[in-house]
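Listed below are the residues making up each chain.
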Amino acid sequence: EIVTRQTGRASPVRSTKMLTCHGREGGRLRGENTIHLREGGKLRVAHVGDVGCPLSPAQKAELQGLDAAMVPVGGFYTIGPQEAKALLDDLRPKVFLPMHYRMGAVGLPAVGQVEDFLSLVENYVYYPTDTLSLDEGTKPQIAVLHCSV
């Protein structure tokens, strides 16, 4: 049972935090990163934040059976396309949402294009909005949401 700070009432959502590094330098350059795992009802969703290092075997085990995973794919500040593809292969979430990438003119110049990641995978779907509704009937996919400034 999780108690929310704002209301003090019990929440139906369980929240787990896992510390990782924001870069391959063990956090010396960019500090720590936190993976947020949310579990509520029948859904398990993970936002891996600005992860820049490989996950430990224990972290990968904790993240098995995800309905959705939000993972950076753009490199430079985070893991890049190849590391994101390896994480996708390890975790096998039902829905994989790439994040922290450039799409056309949108995004930081040092960060890679989403197409760099998409060239490594199949079964991706572009969505015209920045929102995806997730439920038990959502089909397995890589979901690329509309990117705007």
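Scoring rules and cut-offs
- All residue numbers refer to position in the chain's written sequence, counted from 1.
- Reporting in this predicted model follows two pLDDT cut-offs: at least 70 for local features of residues, and 80 or more for side-chain atom pairs to be given and counted; totals over whole chains, interfaces and linings ignore these cut-offs and use all residues.
- Water and hydrogen atoms play no part in the side-chain values, which are based on all heavy atoms of the structure.
- For each residue, the accessible area found with a 1.4 Å probe, counting protein chains only, is set against the maximum for its type, and the residue is called buried under 20%, exposed over 50%, and partly exposed in between.
- Each helix is a run of H or I in the DSSP string that is no shorter than four residues. Each strand is a run of E no shorter than two, and both are numbered from the N terminus.
- Two strands make a pair as long as DSSP finds a minimum of two bridges between them.
- A clockwise path from the first strand over the helix to the second, with the strands pointing away from the viewer, defines a right-handed crossover.
- Patch membership requires more than 30% relative accessible area and the absence of a salt bridge. Residues of like charge join within 9 Å; the nonpolar side chains Val, Leu, Ile, Met, Phe, Trp and Tyr join within 5 Å.
- For every accessible area listed, the method is Shrake-Rupley and the probe measures 1.4 Å; residues are considered covered only by the protein chains on display.
- For salt bridges, the criterion is a side-chain nitrogen of Lys or Arg within 4 Å of an Asp or Glu carboxyl oxygen.
- Nine residue types can take part in a nonpolar core, namely buried Ala, Val, Leu, Ile, Met, Phe, Trp, Tyr and Cys, and a core is a set of them joined through side-chain atoms within 4.5 Å.

Draft legend 1. A look at the pairing of strand β5 (residues 43-47). Side chains R44 and A46 of β5 all project onto a buried face; the interleaved residues L43, V45 and H47 project onto a face where none is buried. As judged from the 5 bridges shared by strand β4 (residues 32-40) and β5, these two strands associate in the antiparallel manner. Looking at β5, one finds that E39 is bridged to R44. Turn length for the β4-β5 hairpin, with the two strands adjacent in sequence and antiparallel, is 2 residues, and the turn residue G41 shows positive phi of about 60 degrees. Pairing analysis gives 3 bridges linking β5 to strand β6 (residues 68-72), with the strands arranged parallel. Bridging from a neighbouring strand, V45 pairs with A68 of β6. Of the crossover connections in this fold, the one passing from β5 over helix α1 (residues 57-62) to the parallel β6 is right-handed.

Draft legend 2. Broad picture of a nonpolar patch on the surface. Nonpolar side chains collect at one region of the surface, where F76, Y77 and L108 lie side by side and expose about 310 Å² of accessible area between them. Locating F76 in the fold gives a position in the loop between β6 and α2 (81-91).

Draft legend 3. Just the nonpolar core, in detail. In terms of nonpolar packing, the biggest core is built from 28 residues, with L63, V71, F96 and F117 touching the most fellow members. Secondary structure elements with two or more residues in this core: β3 (13-21), β4, β6, α2, α3 (114-118) and β9 (141-144). If you look at the next biggest cluster of nonpolar residues, it comprises 5 residues, including A68, V95, L97 and L145.

Draft legend 4. Summary view of the pattern of salt bridges. As enumerated under the stated definition, the model contains 5 salt bridges in all. A salt bridge links E39 to R14; the nearest nitrogen and oxygen atoms lie 2.7 Å apart. Taken together, the positions of E39 in strand β4 and R14 in strand β3 put the pair 25 residues apart, joining distant regions of the chain. Note that D89 is salt-bridged to K85, the shortest N-O span being 2.8 Å.

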